[in-house]
There are 2 protein chains.
Amino acid sequence: MEHSMVNSRDRDLLARANKVVPSGVWGHMATRAIGPGYPQFFSKSDGCRVWDVDGKEYIDFMCAWGPNILGYKRPEVDAAALAEIAKGDINNGPTEVMVELAELFVDTLDYADWALFQKNGTDATTTCVTVARANTGKRKILVARGSYHGAVPWCSPSVVGVTSEDRAHLILFEYNDIQSLDEAVAAAGHDLAGIVLTAFRHDLNRDQEMPEPAFLKHARAICDKTGAALILDDVRAGFRLDVRGSWAMHGIKPDLGAYSKAIANGWPLAAVAGSRRMLEGASKIFTTGSFWYGSAAMAASIKTINILKNTDALPHMQAMGVRLREGLASIAQRHGFVLHQTGPAQMPIMRFENDKELQIANAFCAAALRHGLYLHPKHNMFLSAAHQPADIDRALEGADAAMKDVVSAGFKSM
Amino acid sequence: MEHSMVNSRDRDLLARANKVVPSGVWGHMATRAIGPGYPQFFSKSDGCRVWDVDGKEYIDFMCAWGPNILGYKRPEVDAAALAEIAKGDINNGPTEVMVELAELFVDTLDYADWALFQKNGTDATTTCVTVARANTGKRKILVARGSYHGAVPWCSPSVVGVTSEDRAHLILFEYNDIQSLDEAVAAAGHDLAGIVLTAFRHDLNRDQEMPEPAFLKHARAICDKTGAALILDDVRAGFRLDVRGSWAMHGIKPDLGAYSKAIANGWPLAAVAGSRRMLEGASKIFTTGSFWYGSAAMAASIKTINILKNTDALPHMQAMGVRLREGLASIAQRHGFVLHQTGPAQMPIMRFENDKELQIANAFCAAALRHGLYLHPKHNMFLSAAHQPADIDRALEGADAAMKDVVSAGFKSM
């Protein structure tokens, strides 16, 4: 069947969108930035599956770019949120749910003495920076080159519409590079407010790296010595690696942590958590939003976190990631490709060797779409607790068929 | 009954919150910043009524600080949102609902050729500034002294944790003051990117002012001449005065508009709308958020806007505001006070004459709470379409009783 026939509803919607929305679709979900063949519009989702507007079903490995951690439409989570909506949400102030969620954050994260709630990951990273400055009375913020911390002028990957002053107090360093970090600290002089680090290195289109224990320890020591804030940007990875926080496994406690995406299984929520050391700064700043006290998403978060704590969701998710990774490695090898799969198995990235222009990755992902898999050629992907062995095995059959298509089209590892 | 008995659940929750949340409650909903006697925590809401956690019912005139425009728990709005949640929300991209909502914005607002959607009012104002800079290649943003445009470093009413560079390209002027605006324009020189104005002057603790037609025309002419963006911050007033945009009644079209609060009757959503003139800048910038394509809030917004367009909700809301205003004026007069009630009747502010320290206002609002009214002593309030004549009349009975209490306590107009 012609692609233009198959995707006719998607094309029609995009044509309509192009008339009333800048670029048709903005931001990270614009498929023109992913690769060829991606449907832009979706009609529904359930468990580990998504359906595009033309009715095609996919086993999904993007999880809405992270928010889906327990499975789309997880009934217990949605029921908790809907119960709040039935009471009327939002009100003139918080409900009891806010207190319960803050208590749950403090009980769950290994470094947190307090928490507050917002709507966007960028809200959380911006507030962390503001708290760090308020707490220290200093200005310089150290960020790793290439790390994504949000999409407002101080941190956006784009500089269009951004002024140089928006980033006047940022100093860059290389993730996992102690010498580079030391140079940035030296450049900050007596004006160091904080060091921001993602949970691990999950930058676009490069192999992922776990943080080196020595590097994290060094960053911690710098902050202990100077009073600066060690800020964990856990927006993307938070609660997917470890409910205690993504550095608990490394034995390093940040001073501040930023959360969003998976914390309420798709309901819109973000959070900042912090240690007692940062409480004064956090108490002095002014941060707010019209919907930040909405209880529905908070109730969804309580249920989500409790399921993650009290079930085998995380080890299961990791096991499914390993099953996918091993299967893909074997399929790639059989077809003559070397696949680099890096990072935590539940947040995998796959990169083909000798594929700098992403021609193989794009061809493979486009073929995978036709065979019912939604993958990403250059961004880390996400597993959920809803992925079952049969789903992974079905996905691997699709991946095998897609790899055959790639070989048939003449692609080969160089 | 002792106040400490009446509000025991509220006090207990606040004590718990103080242990795990900076300042217990952050932002604009922290009642310690409003006045004495306010309950902090709510348990439910319905129509034009809210209930605190100790079970006390209030006729509400804050409407969750704006989001409630059709009545808490408006069934048609919630049903539209829940239908999206039943399909699975959020997905890997937008649904058809996004296109429909953008089309509705363009059809409804008198200046809009495009729209995009976000979560916070601050997202929208920040994006407007970024688009203005991207479109003009210039940097200076003119803002009225005392106007609220959000709570991030470039615009927060607090400077704690903010650096001077965050505001390096802001220039202040006085709302409705042509000479002051001209001076700011002169100060911007050839670097003028945009002028930001709230729909009307609705600053904290001062009489509200509608924009002077000559002032708006002057601002429009400056932007026409220089190519700068005239930015309408309609976050607080949007869709409450006029569905066509809050300056349609003045015949002035902005280039960009920021929306949030009431656009989805309490479901979390924000929007930027703009004219074709700003489309290039809007297409070039990068702005995104994890939940910005969530369809539930967008479906709620479609239903909300259509109800506002196709029913008498707005004139009704205004009529209820007039009924409240006239009743309060008469009650105040009867008890020997002069009450200044300014701004649109559906977004009233009330200030007592000779009450600079707000002693009368605070005493009156605290008494009103006891008599079942939720008012605000220094911020504009909000009416909703759910307020009926009987609710206003009941509220006026409570206001009369509250005024009697104020007189009994020895307060009088000086």
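Not measured: the values here are computed from a predicted model. (Residues numbered from 1 in each chain as written. Chains lettered and ligands numbered in written order. Predicted model: local features only at pLDDT ≥ 70, side-chain atom pairs only at ≥ 80, totals over all residues. Heavy atoms only, no water.)

## Here's the deal with the sheet that holds strand β2 (residues 49-52) of chain B
All names here are of chain B.
Logical step 1: Taken together, the 4 strands give an open sheet; going across it, the order is β1-β2-β3-β13, and neighbouring strands pair in mixed fashion. In this open sheet, the two strands that pair with only one neighbour each are β1 (42-46) and β13 (373-374).
Logical step 2: The pairing of β2 with strand β3 (residues 57-60) spans 3 bridges and is classified as antiparallel. Bridging from a neighbouring strand, Arg 49 pairs with Ile 59 of β3. (Pairing = 2+ DSSP bridges. Helix = DSSP H or I, 4+ residues; strand = E, 2+ residues; numbered from the N terminus.)

## Regarding helix α12 (residues 389-408) of chain A
All names here are of chain A.
Logical step 1: If you check α12, its first and last C-alpha atoms are 28 Å apart, about what 20 residues at 1.5 Å a residue would give, namely 28 Å.
Logical step 2: For α12, the set of buried residues is Asp 391, Ile 392, Ala 395, Leu 396, Gly 398, Ala 399, Asp 400, Ala 402, Met 403 and Val 406.
Logical step 3: Contacts from the buried residues of α12 go to β2 (49-52), β3 (57-60), α10 (313-334), β12 (349-352), α11 (359-370) and β13 (373-374). (Expected span 1.5 Å × (residues − 1). Buried < 20%, exposed > 50% of the residue type's maximum accessible area, 1.4 Å probe, protein only. Contact = heavy atoms within 4.5 Å.)

## Side note on the relation of the copies chain A and chain B
Two chain copies here: they are related by a rotation about an axis and a translation along the same axis.
Logical step 1: For the pair chain A and chain B, the superposition axis carries a translation of 0.0 Å, the fit reaches an RMSD of 0.0 Å, and the rotation angle comes to 180°. What we have between these two chains is a two-fold relation.
Logical step 2: The residues that chain A uses at the interface reappear at the interface of chain B in 100% of cases, marking a shared surface. (Least-squares fit on C-alpha atoms with pLDDT ≥ 70 in both.)

## A look at unusual backbone geometry
Logical step 1: Note that the residue after Asp 89 of chain A, namely Ile 90 of chain A, is joined by a cis bond; omega there is 20°.
Logical step 2: Relative to the helices and strands, Ile 90 of chain A is located in the loop between α3 (75-87) and α4 (96-108).
Logical step 3: A positive phi angle, near 60°, is found at Leu 358 of chain A, a position not held by glycine.
Logical step 4: One non-glycine residue, Lys 73 of chain B, lies in positive phi territory at about 65°.

## Observations concerning the interface of chain A and chain B
Logical step 1: Each side of the interface is counted separately: chain A has 97 residues, and chain B has 97 residues.
Logical step 2: Taken over both partners, the interface formed by chain A and chain B buries close to 8,200 Å², and the fraction arising from carbon and sulfur atoms is 60%.
Logical step 3: If you sort the residues of chain A by the area they bury against chain B, Trp 26, Asn 92 and Phe 291 of chain A come out on top, with a joint share of 11%.
Logical step 4: The interface formed by chain A and chain B holds 6 salt bridges in total.
Logical step 5: Note that Glu 96 of chain B is salt-bridged to Arg 9 of chain A, the shortest N-O span being 2.6 Å.
Logical step 6: Here chain A is connected to chain B by 34 residue pairs in polar contact (both at pLDDT 80 or more).
Logical step 7: Within the residue set of the side of chain A that touches chain B, elements represented by two or more residues are α2 (8-20), β1 (42-46), α3, α4, β4 (114-118), α5 (121-136) and α8 (279-284) of chain A.
Logical step 8: The element that contributes the greatest number of residues to the side of chain A that touches chain B is α4 of chain A, accounting for 7 residues.
Logical step 9: Here the side of chain A that touches chain B is built from residues that sort into 49 nonpolar, 27 polar and 21 charged. (Buried area = accessible area lost by both parts, 1.4 Å probe. Salt bridge = Lys/Arg side-chain N within 4 Å of Asp/Glu carboxyl O. Polar contact = N/O pair within 3.5 Å; in protein donor to acceptor, adjacent residues only side chain to side chain. Nonpolar A, V, L, I, M, F, W, Y, C, P; charged D, E, K, R; others polar.)

## Side note on the pattern of salt bridges
Oppositely charged side chains can form a pair if their charged atoms are brought close together.
Logical step 1: Counted under the stated rule, the structure contains 47 salt bridges over all chains.
Logical step 2: With a closest N to O distance of 4.0 Å, Glu 96 of chain B and Arg 16 of chain A form a salt bridge. On the criterion of chain membership, the pair formed by Glu 96 of chain B in helix α4 (residues 96-108) and Arg 16 of chain A in helix α2 is interchain, its members lying in two chains.
Logical step 3: We classify Arg 16 of chain A as partly exposed; its relative accessible area is 28%.
Logical step 4: Among the ionic pairs, Arg 201 of chain B bridges to Glu 174 of chain B, the shortest N-O distance being 3.4 Å. Note that Arg 201 of chain B is positioned in the loop between β7 (192-198) and α7 (213-226) and Glu 174 of chain B in the loop between β6 (170-173) and α6 (178-188), a separation of 27 residues in sequence.
Logical step 5: With a relative accessible area of 24%, Glu 174 of chain B lands in the partly exposed category.
Logical step 6: Salt bridges sharing partners connect three or more residues here, namely Arg 145, Glu 174, Arg 201, Asp 203, Arg 206 and Glu 209 of chain A.

## Regarding the side chain of Asn 265 of chain B
Residues and elements named next belong to chain B.
Logical step 1: Along the chain, Asn 265 falls in the loop between β9 (256-259) and β10 (270-274).
Logical step 2: In this structure the side chain of Asn 265 is engaged in a polar contact, spanning 2.8 Å, whose partner is the backbone nitrogen of Leu 70.
Logical step 3: Apart from residues no more than four positions distant in its own chain, Asn 265 is found in contact with Pro 67, Asn 68, Ile 69, Leu 70, Gly 71, Arg 74, Val 77 and Thr 304.

## A look at the sheet that holds β2 of chain A
Residue and element names in this part refer to chain A.
Logical step 1: Here 4 strands make up an open sheet; going across it, the order is β1-β2-β3-β13 and the pairing mixed. Single-partner strands in this sheet number two, and they are β1 and β13.
Logical step 2: Bridge count between β1 and β2: 4 bridges; the pairing is antiparallel. Within the sheet, the bridge partner assigned to Lys 44 lies in β2 and is Trp 51.

## Notes on the domain arrangement of chain A
Residue and element names in this part refer to chain A.
Logical step 1: For chain A, the domain assignment lists domain 1 (8-72 + 312-408) and domain 2 (75-310).
Logical step 2: Opposite the 26 residues of domain 1 that make contact, domain 2 presents 24 residues.
Logical step 3: In total, domain 1 and domain 2 occlude about 2,200 Å² of area from one another, counting both sides; carbon and sulfur atoms represent 59% of this.
Logical step 4: The tally of links between domain 1 and domain 2 comes to 1 salt bridge.
Logical step 5: The salt bridge partner of Arg 351 is Asp 207, with a shortest N-O separation of 3.1 Å.
Logical step 6: Every element with two or more residues in the side of domain 1 that touches domain 2 is listed here: α10, β11 (339-342) and β12.
Logical step 7: Of all the elements, α10 adds the most residues to the side of domain 1 that touches domain 2, at 3 residues.
Logical step 8: Grouping the amino acids of the side of domain 1 that touches domain 2 by side-chain chemistry returns 15 nonpolar, 9 polar and 2 charged. (Domains from an automatic or database assignment.)

## Section: the packing of aromatic side chains
Logical step 1: Applying the stated criterion across every chain, the model contains 26 aromatic pairs over all chains.
Logical step 2: When the centroid spacing of 5.7 Å and the interplanar angle of 70° are considered together, the rings of Phe 105 of chain A and Phe 239 of chain A count as edge-to-face. Of this pair, Phe 105 of chain A sits in helix α4 while Phe 239 of chain A sits in the loop between β8 (229-233) and β9 (256-259); the two residues are 134 residues apart in sequence, bridging distant segments of the chain.
Logical step 3: You can call Phe 105 of chain A buried: its relative accessible area is 0%.
Logical step 4: By relative accessible area, Phe 239 of chain A is classed as buried at 1%.
Logical step 5: Every member of this aromatic cluster is reached through a ring pair, and the members are Trp 26 of chain A together with Phe 105, Phe 117, Phe 239, Tyr 259 and Tyr 293 of chain B.
Logical step 6: Positioned above the aromatic ring of Tyr 58 of chain B, the side-chain terminus of Lys 56 of chain B is 5.8 Å from the ring centre. (Phe/Tyr/Trp six-rings, centres within 6.5 Å; stacked < 30°, edge-to-face > 60°. Lys NZ or Arg CZ within 6 Å of the ring centre and 35° of its normal.)

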